[in-house]
Each structure stands twice: as structure tokens, then as C-alpha cells.
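Geometric and topological summary
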Amino acid sequence: MKSVTYKANNKTREYSDQNRQNMNLSEVRMWMMLKWSPYIFRRQKTLGNFIVDFASLKHKIVIEVDGITHEHKKPYDDMREQWIIAHSYKMLRFVGMIPFPDDRTYEYVWSKISEIESWADPIVVVKID
């Protein structure tokens with residue numbers, strides 16, 4: 001069976017590459033926490049014809065960092081969520097500005113990621129004030 005991560009069309013792959021080069025500040029801060037993770041996260045990863053902010057393919061975890069840009073993308077986000085759920089991924093969505101990574105931020109993010117296997121719902125939204 002062919003991996004779902006390689007089914008993206010060329011346009012989606014190009015857009016993913018552009019996103020990787022132009023991540024917003026919250027995404028950069030999250031990447032600073034995830035890039036050395038034992039979960040091996042990839043940034044701006046294509047899953048099917050969708051792009052997610054961060055994905056651990058081995059552990060089937062998707063992390064989204066939503067800011068203002070997602071307010072007008074609700075239909076797209078809903079379609080992507082349904083696809084992610086249908087392919088057995090769990091999604092952790094952070095809404096709001098990610099603070100600069102410090103010990104408290106690291107602990108908070110890792111506590112949420114470590115809880116993922118016990119989640120009843122496939123999507124958990126964390127609001128950051």
C-alpha cells in the first residue's frame with residue numbers, strides 16, 4: 001500500500017515548500033520545541049492533498065498552530081480535520097500566539113503531546129491567552 005504522505009499533487013507540494021520557508025512567528029516558536037523531539041516531527045507536511053503545520057508520521061500526531069489566517073479557512077480546516085480523523089491521526093490544535101519557548105512552555109506542550117494516547121476525541125483544541 002502506498003503511503004498517504006506521498007499522494008500530494010505537485011501544486012500542494014510546492015505550496016508546502018513555500019509555507020516551510022515562510023512560517024509565522026508562532027509556527028517558528030513551536031518548531032523550536034519540536035525539531036529535536038523523539039517523535040520526529042516534520043513541518044509543513046503534506047498528508048494527502050492537505051498541508052499540516054507539524055506531523056509525526058510514526059506516532060500519527062498532527063499539531064496545528066492557528067492564528068488569524070485560519071479565521072477565513074474554516075471549510076478547508078473542516079475538510080482537512082475529517083481527512084486526518086479518517087486516517088487515524090490525532091490532532092492537537094493551539095489557538096493563539098505561542099509564547100517564546102521557555103521551561104514552562106516546553107513542559108506545557110510536552111504534557112499535551114504525552115497525553116495524546118489517552119484522548120477520547122481525535123482533535124483537542126488548546127487556547128493560548
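See above for the structure.
Residues numbered from 1 in each chain as written. Predicted model: local features only at pLDDT ≥ 70, side-chain atom pairs only at ≥ 80, totals over all residues. Heavy atoms only, no water.

**Concerning the sheet that holds strand β2 (residues 50-56)**
Put simply, the test is: For two strands to pair, DSSP has to find at least two bridges joining them. By the criteria applied, helices consist of DSSP H or I runs no shorter than four residues and strands consist of E runs no shorter than two, each listed in order from the N terminus. Note on geometry: axes are C-alpha line fits, over the in-contact stretch for helices, and angles between N-to-C directions span 0 to 180 degrees. Here, residues are in contact when the closest pair of their heavy atoms is within 4.5 Å.
Strands sit in the order β1-β2-β3-β4-β5 across an open sheet of five strands; the sheet is mixed. Since the sheet does not close on itself, it has two edges, and those belong to β1 (42-47) and β5 (123-127), each with one partner. Taken pair by pair, the neighbouring strands of this sheet meet at an average axis angle of 35°, ignoring direction. Taken strand by strand, helix α1 (residues 10-21) contacts β1 and β2, and its axis lies near 165° from that of β1.

**Describing the packing of helix α2 (residues 25-34) against helix α4 (residues 103-114)**
Our working definition: By definition in this entry, angles of less than 35 degrees are roughly parallel, angles greater than 145 are roughly antiparallel, angles of 65 to 115 are roughly perpendicular, and the rest are oblique. When residues are grouped by polarity, Ala, Val, Leu, Ile, Met, Phe, Trp, Tyr, Cys and Pro land in nonpolar, Asp, Glu, Lys and Arg in charged, and all others, Gly among them, in polar.
Where α2 contacts α4, the axes come no closer than 11 Å and their chain directions differ by 75°. Overall, the two elements α2 and α4 adopt an arrangement that is roughly perpendicular. Seen from α2, the contacting residues are Met30, Met32, Met33 and Leu34; seen from α4, they are Thr105, Tyr106, Val109, Trp110 and Ile113. Considering only residue class, the contact of α2 with α4 consists of eight nonpolar, one polar and no charged.

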